[in-house]
Amino acid sequence: GENVEQHPSTLSVQEGDSAVIKCTYSDSASNYFPWYKQELGKRPQLIIDIRSNVGEKKDQRIAVTLNKTAKHFSLHITETQPEDSAVYFCASRGGGYNKLIFGAGTRLAVHP
Amino acid sequence: KAGVTQTPRYLIKTRGQQVTLSCSPISGHRSVSWYQQTPGQGLQFLFEYFSETQRNKGNFPGRFSGRQFSNSRSEMNVSTLELGDSALYLCASSLSTGEETQYFGPGTRLLVL
């Protein structure tokens, strides 16, 4: 069935370091891969997304890469700041509808 | 534009009761999807509504149902509540079905005692 695996489950970095979160999906029909950030008690917020016809996308300190052959996609955050501390979820979508399959989440802690 | 809104924000029910949750999408958005978030199972897709029709359904029992009105507002209903239904219920809206970007509401936190 459809599945998204996300690693690591927790990540602790020093302010200014980079953070990388990796996801693997199972459905070959997946064509859209969003990343959401969820702070404690808040709604998930879209931070970046990538479509299957693109290999990499960047937005300031955040970048996402996609390897369709290996069914891997990754989130890269550079120059981390304490306000980057949150739970990050990757997701995949396929099949023409709006069903997102989410990874289990990564709890990122950025220490000053 | 106002964001996605959900009511109520918090709800306490007892086992066996039923509950109805409401979601108002962003103005102009016609697709509403519902997700359940729990510490154990994470974020799981419940169903999607577009043009008042259910377009897709996740792997949940028939106790979970929903509907969408002509103004795109959506409701979901859970009957015969179980303790395991305690969760944060999130709805997300997008312009259309198959339109990739989904924007989440603040969620309704349901506690079943």
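Below, the discussion takes up the sheet that holds strand S7 (residues 64-68) of chain B. All names here are of chain B. The strand order across the open sheet built from four strands is S1-S3-S8-S7, with neighbouring strands paired in antiparallel fashion. Each having just a single partner strand, strand S1 (5-7) and S7 make up the two edges of the open sheet. In this sheet, neighbouring strand axes are inclined to one another by 20° on average, regardless of whether the strands run parallel or antiparallel. Relative to strand S8 (residues 74-78), S7 is paired through five bridges, and the arrangement is antiparallel. Looking at S8, one finds that Ser-65 is bridged to Asn-77.

This brings us to the side chain of Ser-74 of chain A. Residues and elements named next belong to chain A. In this fold, Ser-74 is placed in strand S8 (residues 72-77). What makes Ser-74 buried here is its relative accessible area of 11%. With residues up to four places along the chain from it excluded, the contact list for Ser-74 reads Ile-21, Lys-22, Trp-35, Ala-63, Val-64 and Thr-65.

Attention shifts here to the nonpolar core. Core analysis: the biggest nonpolar cluster contains 23 residues, and Trp-35, Phe-73, Leu-75, Ile-77, Tyr-88 and Leu-108 of chain A have the highest contact counts within it. Counting residues per element, this core draws most heavily on strand S3 (residues 19-25) of chain A, at four residues. Beyond its immediate chain neighbours, meaning those up to four positions away, Leu-108 of chain A contacts Leu-11, Val-13, Ala-19, Ile-77, Asp-84, Ser-85, Ala-86 and Tyr-88 of chain A. The next biggest cluster of nonpolar side chains, apart from the first, holds 21 residues, and it includes Val-4, Leu-11, Leu-46 and Leu-81 of chain B.

Here is what the cut-offs are and how they apply
Residues numbered from 1 in each chain as written. Chains lettered and ligands numbered in written order. Predicted model: local features only at pLDDT ≥ 70, side-chain atom pairs only at ≥ 80, totals over all residues. Heavy atoms only, no water. Pairing = 2+ DSSP bridges. Helix = DSSP H or I, 4+ residues; strand = E, 2+ residues; numbered from the N terminus. Axes fitted to C-alpha atoms, helices over the stretch in contact; angles between N-to-C directions. Buried < 20%, exposed > 50% of the residue type's maximum accessible area, 1.4 Å probe, protein only. Contact = heavy atoms within 4.5 Å. Core = buried A, V, L, I, M, F, W, Y, C linked by side-chain atoms within 4.5 Å.

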